[in-house]
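A look at the structure
Residue-level listing of the chains:
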Amino acid sequence: MHATLLGILGLALLGALHAQDSVPVQTDFQQDKLTGRWYSIGLASNSNWFKEKKHLMKMCTTVISATADGNLEVTSTYPKGDQCEKRNSLYTKTEQPGRFRYTSPRWGSKHDIRVVETNYEEYALVATQISKSTGSFTMVLLYSRTKELSPERLERFTQFSREQGLTDEEILILPQTDKCMADAA
C-alpha cells in the first residue's frame, strides 16, 4: 500500500514537471516580426497578485524592441489610478528561439517566457512560468496588434489557459480603455 501511494505521488510529480516542459514554443520563431506595438487583450494567472488586482485591470499597450545583443526590451504602459505607469523589462534570449528569461529586480522572481503561437500581424499568445520563494505561478498573455480580436482568438486564449491548469476565475479578457494608449512608448 505504501509503495503504491509513493508510486502514485511520483507519477503525479512527474506529470506536473512534464506539463511545465510541454508548453510549446512558436515553430520557426522570427523575433524581428514580434517587435512593435501590441495591446494586451487577455491575461490569465493563478498568482495571488492577479486574484487581488484583476478587478482593477484594463487593457494596456506593450512595445517590444530588439536590443543589439538579441534580447527583447519590453515596455508596458497601463492605467493605474489617475496616472499612466510604465514598466520596462529586459527579456534575455535562450538557446531556444521564442523562449526568454527575465528576473524581476523588484521581487526577485524568475520568469520563463515562451511565445506559444503568433502570426505576428494579428495576435501573440505568450506563456510565462514564474518562480519565487513563495511558490510557482503560471501566467498567460494574449496580445493583439489592434484593440479587438476575433472570438476564435479569444477562445484559443481561454482554451490554452485552461490547458495550463488555470480556472475560468483566473482568466480575464481585459476591458478596453483609451486611457494611456497614446502615452505608450
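Below, the structure is looked at part by part. Every chain is numbered on its own, with residues counted from 1 as its sequence reads. Given that this is a predicted model, residues contribute local features only at a pLDDT of at least 70 and side-chain atom pairs are listed and counted only at 80 or more, while totals for whole chains, interfaces and linings are drawn from all residues. Excluding hydrogens and water, the side-chain figures rest on all heavy atoms present in the structure.

**Observations concerning unusual backbone geometry**
Note the cut-off: A 1.4 Å probe rolled over the protein chains alone gives each residue an accessible area, and that area as a share of the maximum for its type sets the label: buried under 20%, exposed over 50%, partly exposed in between. Under the DSSP-based scheme used, a helix requires at least four consecutive residues in state H or I and a strand at least two consecutive residues in state E, with every element numbered from the N terminus.
The residue Tyr-120 is not glycine, and still its phi comes out positive at about 70 degrees. Of the residues examined, Tyr-120 reaches a relative accessible area of 10% and is grouped as buried. In the Ramachandran plot, Cys-180 falls in the positive-phi region, its phi being about 75 degrees despite a non-glycine side chain. With respect to the helices, strands and loops of the structure, Cys-180 is situated in the segment after strand E9 (171–173). Overall, Cys-180 belongs to the buried group, its relative accessible area being 5%.

**Some details on the pairing of strand E3 (residues 72–80)**
Short version of the rule: A pair of strands is considered paired only if DSSP assigns at least 2 bridges between the two.
As judged from the six bridges shared by strand E2 (residues 60–66) and E3, these two strands associate in the antiparallel manner. Each bridged residue has a counterpart across the sheet, and for Ala-66 the counterpart in E3 is Leu-72. Counted along the chain from E2 to the antiparallel partner E3, the turn is five residues long, and its residue Gly-70 has a positive phi close to 90 degrees. From the end of E3 to the start of strand E4 (residues 83–93), which pair antiparallel, there are two residues, and Gly-81 there has a positive phi angle of about 65 degrees.

**Some words on the pairing of E2**
Looking along a regular strand, one sees the side chains alternate between the two faces of the sheet. Most of E2 sits inside the fold, with five of its seven residues counted as buried. One ladder, built from five bridges, connects strand E1 (residues 36–45) with E2; its direction is antiparallel. Bridge pairing in E2 places Gly-36 opposite Ile-64.

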